[in-house]
Amino acid sequence: MTGYVLRRLGQAVLVLWAAFTVTFVILYLLPSDPVSIMLAGGQGGEQSTADPAQVAALRAEHGLDDPLPEQYAHALWRTLHLDLGTSIQNGAPVTTLIGDAVPQTLALAAAASALALLLGVGTALAATAVRRAWLRTTLQALPPLGVSLPTFWVGLLLIQVFSFRVPVFPALGNEGLASLVLPAVTLAVPVSASIAQVLARSLRTALAEPYVETARAKGASRSRLHLRHALRNAAIPTLTLGGVIVGNLLAGAVVVETVFSRVGLGRLTVSAVNGQDIPLVQGLVLLAATVFVVTNLVVDLLHPLVDPRLRLVGGARAPRRRTRNAGDVEAERVLVGGAA
Amino acid sequence: MRSSTSRSAAVLVAALATLTACGGGASNAGGAADATPVRGGNLDVAISVDSGCIDPQQVGNNDALNIGRQLVDSLTVQDLDGRIQPWLAQRWEVSPDATTFTFHLRPGVTFSDGTPVDAAAVKANLDGIVALGAKASLGSTYLQGYTGTQTPDAQTAVVTFSRPSAQFLQATSTMSLGLLSVPTATADPATRCTGATLVGSGPFVVGSYVKDDQTVLERRTGYDWAPTGAKHAGEAYLDTITYRVVPEAGVRTGSLRSHQIDATTGIASQDLPQFDGNGFWTQRRANPGIPYNFFPNESRAPFDDVRVRQALSKAIDREQLASLLNPGDEAVTSALSVSTPGAPDDAADLARDLAGANRLLDAAGWTRGADGIREKAGRRLTFTVLFWQPTSAVLELVQQQVREAGIDLQLKQGTTADTAAQQSSGDYDVLFYNLTRSDPDVLRTIFSTDTRNVNQRPRGAVDDLLAEQSSTTDATQRAQLVARASQLLVQEAHSIPLIELSTVIAASDDVHDLQFEGSSRLWIHDAWKQS
C-alpha cells in the first residue's frame, strides 16, 4: 500500500511538471505579451502612448526580455521553492490572489456538488425504479438534457426569473447564503446530469445481474433490491467520475462566477488569461492540476472500501491497472484546463 | 421624452420583454434643479471590468479611472466646455514657450491622512509618476519631457519641461495626475493598487477594495474644496459609493431595471431605450479625444496611395453610422471628437461621396472585377480590420458601405492581446481604435512622426502643425493650428474617423445630479439619492 501511494505521488509530481511546462510554452507561443496588453488598456481600457524606453524598462522589470530557457529555468526554480511570483497586472503576490479567491469557489463548489449528488442520485434511482413507462422515459431523458444545456444560458435564465422578475435572490455578489443559491443550482445542473447518466446506466446493468434475481427470489423487497444490492455495485463507476466532476466544477466556475458577478478562481482565471498574466496563470494551473491529482488518488484509495472484492482478491493488482487509466484522465484534464 | 407612439410602444415592448414591473414614481431626470439634495445613503454603481488596481495614477481602464476620480483632486478642473478652471491651484502662469508652469496652491487643503496639499506634495506626485514609468500608463505620457518641480514656497510649485508641452495644463485636470499624499506617492505601486495606502484629498476615501467584487468609497468628512463648477463646495452628499463589478452586460441591464443597482455607464446601446423614462433617466456625452478611427498603414500598398485612402473615407456614410447606435446622434465631424476643446468642423470633408470615391479609385488604376471588388495588377482591393471593441454592428455597416465603391473590408474580431500584438508588430493595413483625452494634443501623440506615427508615414506638413500647437499657449492661436492639422489629417485621409464613442449614464430616477466631468467620466461629489 505504501509503495502504491509513493508511486502515485511520483506520478503526481510528473503531472504537475508537465502542466507547468505546457502552460509556459502555450503562454509564450501566444501573440503579444502581458506588458503590451496592459498598455493597450485591456478590456474597456485606453491606449497608452507610453515612451518606448519606459515600456522596455517595464518588460525588463518582469524579466520578459530574458532568453526563453532562462525565463523557464527561473520560473521553475522559483516554483520549486513554493514561490509563485507576483501578478504582472497589479504586482500582487500570486499566492495572495489565489488565496483570496479559493474560499468563495470552494463554497460554490461544495454547495453545487452536494446539490448535484442529491439531484443526480435521486434522478438515477427514480429513473430505474419508476414503473410507469412514460415517466421512466421522461426521467431517463433528463440527464442528456442537463448535460447539453449551456451553463451560461441556465444562469442567465435563473437570474432573469428569480432575481429580475421575482426578486427572491440577489443577482450579484458573494454576500450571504442567498447569493449562493442560484450559482450553485446553475453549476449543479451539468454535474448532476453526468452523475445521473452514469449511475442510471450502472443501476440498470446491476439490476439485470443474477444476484439481484437471487435476492428477489429470496423475497427481498423492491426498495431493498434497489438500495441495498444494486446501488452499492452501481456506485463504483460513479465514484470513478470524481475527477471529472471536480474538473466540471472548476470549468463551470469560470462561467458561473462571471454570470453571477462572484469572486473566485474562475473570474481570476479569466482575467489572468485575458491579460496573459503568466505567473498568475501558472499558479492557477498548478492549483488545478494538484486538485485533479489529489482527487483521483482519493478516488482510487476509496475503491477498495466500497468494493470488498478489490480488498479480497488481487488487491494490489486491481488498483495498478486502474491507476494507468486514472493517470490518462488526469493528463487529459490538465491539458484541457491549461488551454481553456 | 414620450413624443411618438412608436417610441412608447418600443419602451413598452422592452419592458415586457424583461418582465420587470417597476413603480412609476416621479420621473425627475438626473439634472432636476428644483429638488433639494438629501444627505446620506449609498449609491450602487455597476462597472464591467476590474483591472486589479484602483490607483488613479496607474490605471488606464475607464472603470478604474471613474473610481479614482472620486478619490483625488487635481490642480485644475476642466469644465464641460473644455476650459481649464481653478481647483487645488487657485491660479497659474504658463511661460510663453509652454515649458514652465507655475501653480499657486489653495491654502488649507489636506489629504485624508491630515498632511497638507502643498508644493512638496505636487513635486512628490509628479516625480513619482515619472518614476512609475510605463506603469503610469496615461500619466507618464502627459509628463514626457518633464525635468522637475521647484518649490519656492509651500504654496507655489513650478513645473518645468525640456520641450514645449502645452497639453500639460489640461493634463493637470485629469485623475491620472491627481494628487496623492506624499507617503502614498512614494509607496510600493502594488500596495497602492489595492487601495490600502491610497490617500488623496478627494471627496471620498477608500473604504474597502475586493478584486472582482466591489470597491466601497466613504465620504471624506471635512471636505470643503470642490472644484469650480461643482454645485456645492462642502462634503459629498452620499455616505458611500459601492462600485460593483458586473462583467455580464445583460446582468447589468437587469440589475438596474430591478433596482439592485442605482446607476451604471455599462448599458449596451441596444438596451438603452428601456431606461428612457419609466423610472429611469439616461444622459450621453461623447468622449473627448480621437473618435473611433481607421488608421491606414501608409508604408505599404494599397494605402500608400492617398487616392485609395481618400476613396475609403469618402465611401463611408457617417450619418448612417451615427444613427445606427442611437437615432438622432450626430455624425463625427473631424479628426477630433466633438467634445474635445478646440475641435474643428471638417464635416464637409467627411460627407459621403460615392461618385468621388469611384472616380479616385478609377484614376488610381483599380478596376472592378467580376464580383464588383476592384483589382489592380492581380491584387484585390481588400484589407482586414482586427478589433476587440463591442462595435461589430458599426463595422459591418462600414463593410457594406465601402463595398459599394468596390472595396472589400474583412472584419476579424479578436482579443486585446491580438490587437496589442498587431500594433507592436507594425504588420497591419488598418488599425481601429479610439483614445479618450480632453486635449487636442492627442492628435500629436497618435499621428505625429515624432511620436507613435500610427500611419507609418514619412514626415509632412501636418507634423509641423502638430509640433507648433504643442508649444502654443494662446488658446485661439492653438485652436487655429489644431483646426489646420485636423483638416490636413482628414483631407489626406491619415485619419478616417467613423463614429464617436459616447459614455452613457443610465440611472434610476432616485439618483440626482450624477454628472459628467470634462473627460466624460463621472463626478459623484454632487450626486444624491432620494430616500
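In this text, all values refer to a predicted model and were calculated from it rather than measured experimentally.

Re the nonpolar core
For step 1, the next point in the chain: A:Ala112, A:Leu187, A:Ala188, A:Leu249, A:Ala253, A:Leu284 and B:Ala263 are the most contacted members of the largest nonpolar core, which has 152 residues in total.
For step 2, the next point in the chain: The element contributing the most residues to this core is helix 8 (residues 178–207) of chain A, with 16 residues.
For step 3, the next point in the chain: Composition of this core by domain shows at least three residues from each of domain 1 (31–71 + 202–285 + 504–531) and domain 2 (80–188) of chain B.
For step 4, the next point in the chain: Sequence-distant contacts of A:Leu249, defined by excluding residues within four places in its chain, comprise A:Ala109, A:Ala112, A:Ser113, A:Leu187 and A:Val191.
For step 5, the next point in the chain: The next biggest cluster of nonpolar side chains, apart from the first, holds 56 residues, and it includes B:Phe303, B:Ala315, B:Ala331 and B:Leu465.

Quick word on the environment of A:Leu9
All names here are of chain A.
For step 1, the next point in the chain: With respect to the helices, strands and loops of the structure, Leu9 is situated in helix 1 (residues 2–29).
For step 2, the next point in the chain: For Leu9, a count of 12 C-beta atoms within 10 Å gives the class exposed.
For step 3, the next point in the chain: Taking the C-alpha atoms as reference, Leu9 lies 13 Å from Ala289; in sequence the two are 280 residues apart.

Here's the deal with the UniProt feature "domain: ABC transmembrane type-1" (unreviewed entry) in chain A
For step 1, the next point in the chain: UniProt's entry tags residues 102–303 of chain A with the feature "domain: ABC transmembrane type-1" (unreviewed entry), counted in the numbering of this structure.
For step 2, the next point in the chain: Measuring from the first to the last C-alpha atom of residues 102–303 of chain A gives 28 Å, for a span that is 84% helix and 0% strand.

Concerning the UniProt feature "transmembrane region" (unreviewed entry) in chain A
All names here are of chain A.
For step 1, the next point in the chain: UniProt feature "transmembrane region" (unreviewed entry): in the numbering of this structure it lies at residues 12–30, 106–130, 142–164, 176–200, 234–260 and 280–302.
For step 2, the next point in the chain: For the annotated span residues 106–130, helix accounts for 96% and strand for 0% of the residues, and the straight-line distance between the end C-alpha atoms is 35 Å.
For step 3, the next point in the chain: The distance from the first to the last C-alpha atom of residues 234–260 is 35 Å, and the span holds 93% helix and 0% strand.

Some points on the interface of chain A and chain B
For step 1, the next point in the chain: Contacts between the two partners involve 49 residues from chain A and, on the opposite side, 54 residues from chain B.
For step 2, the next point in the chain: The element that contributes the greatest number of residues to the side of chain A that touches chain B is helix 7 (residues 151–165) of chain A, accounting for six residues.

A closer look at helix 7 of chain A
All names here are of chain A.
For step 1, the next point in the chain: Along its 15 residues, helix 7 runs 20 Å from first to last C-alpha, staying within 8% of the 21 Å computed at 1.5 Å per residue.
For step 2, the next point in the chain: At Ile159, helix 7 shows its maximal kink, close to 30°.
For step 3, the next point in the chain: The complete set of buried residues in helix 7 reads Val154, Gly155, Leu158, Ile159, Ser163 and Phe164.

Thoughts on the domain arrangement of chain B
Residues and elements named next belong to chain B.
For step 1, the next point in the chain: In terms of domain boundaries, chain B breaks down into domain 1 (31–71 + 202–285 + 504–531), domain 2 (80–188) and domain 3 (289–500).
For step 2, the next point in the chain: Computed over C-alpha atoms, the centres of domain 1 and domain 2 are 26 Å apart.
For step 3, the next point in the chain: Contact with domain 1, which involves 16 residues of that partner, is made by 21 residues of domain 2.
For step 4, the next point in the chain: The biggest single contributor to the side of domain 1 that touches domain 2 is helix 2 (residues 62–71), with three residues.
For step 5, the next point in the chain: When the residues that make up the side of domain 1 that touches domain 2 are grouped by side-chain class, the tally is six nonpolar, eight polar and two charged.

Here we look at the confidence of the model for chain B
For step 1, the next point in the chain: In this model, chain B carries an average pLDDT of 90, and 93% of its residues clear a pLDDT of 70 or more.
For step 2, the next point in the chain: For this predicted complex, the interface confidence comes out at an ipTM of 0.83, alongside a pTM of 0.86.

Digging into the packing of helix 11 (residues 242–259) of chain A against helix 12 (residues 265–274) of chain A
Each pair of packed helices can be described by the angle between their axes along with the distance between the axes.
Residues and elements named next belong to chain A.
For step 1, the next point in the chain: Interhelical geometry of helix 11 versus helix 12 gives an angle of 85° and a closest axis separation of 7 Å. As the angle between them shows, helix 11 and helix 12 are arranged roughly perpendicular. Seen from helix 11, the contacting residues are Leu250, Ala253, Val254, Val256, Glu257 and Thr258; seen from helix 12, they are Leu265, Gly266, Arg267, Thr269 and Val270.
For step 2, the next point in the chain: Class assignment for the residues of the contact of helix 11 with helix 12 results in six nonpolar, three polar and two charged.

With respect to the confidence of the model for chain A
Residues and elements named next belong to chain A.
For step 1, the next point in the chain: With 89% of its residues at a pLDDT of 70 or more, chain A has an overall mean of 84.
For step 2, the next point in the chain: Element-level pLDDT for chain A is lowest in helix 15 (residues 317–339), with a mean of 40, against a maximum mean of 94 in helix 7.
For step 3, the next point in the chain: Between residues 313–340, whose pLDDT stays under 50, and residues either more than four places distant or in other chains, the model counts 38 contacts.

Remarks on the sheet that holds strand 7 (residues 156–161) of chain B
All names here are of chain B.
For step 1, the next point in the chain: Pairing in this open sheet of four strands is antiparallel, and the strands run 4-5-7-6 from one edge to the other. The sheet is open, and its two edges are formed by strand 4 (89–94) and strand 6 (146–153), each paired on a single side. Going across the sheet, the axis of each strand differs from the next one's by a mean of 20°, ignoring polarity.
For step 2, the next point in the chain: In this sheet, strand 7 lies alongside strand 6 in antiparallel orientation, the contact comprising five bridges. Bridge assignment links Gln150 to a residue of strand 7, and that residue is Val158.
For step 3, the next point in the chain: With respect to the sheet, helix 3 (residues 119–132) is in contact with strand 5 (100–105), strand 6 and strand 7, its orientation differing from that of strand 6 by roughly 170°.

Conventions adopted
- Residues numbered from 1 in each chain as written.
- Chains lettered and ligands numbered in written order.
- Predicted model: local features only at pLDDT ≥ 70, side-chain atom pairs only at ≥ 80, totals over all residues.
- Core = buried A, V, L, I, M, F, W, Y, C linked by C-beta atoms within 7 Å.
- Buried ≥ 20, exposed ≤ 12 C-beta atoms within 10 Å, placed from the backbone.
- Helix = DSSP H or I, 4+ residues; strand = E, 2+ residues; numbered from the N terminus.
- Domains from an automatic or database assignment.
- Contact = placed C-beta atoms within 7 Å.
- UniProt positions renumbered as here; feature names shortened; annotations may be inferred.
- Expected span 1.5 Å × (residues − 1).
- Bend = angle between axes of the 7 residues up to and from the residue.
- Nonpolar A, V, L, I, M, F, W, Y, C, P; charged D, E, K, R; others polar.
- pLDDT = per-residue confidence, 0-100.
- Axes fitted to C-alpha atoms, helices over the stretch in contact; angles between N-to-C directions.
- Parallel < 35°, antiparallel > 145°, perpendicular 65-115°, else oblique.
- Pairing = 2+ DSSP bridges.

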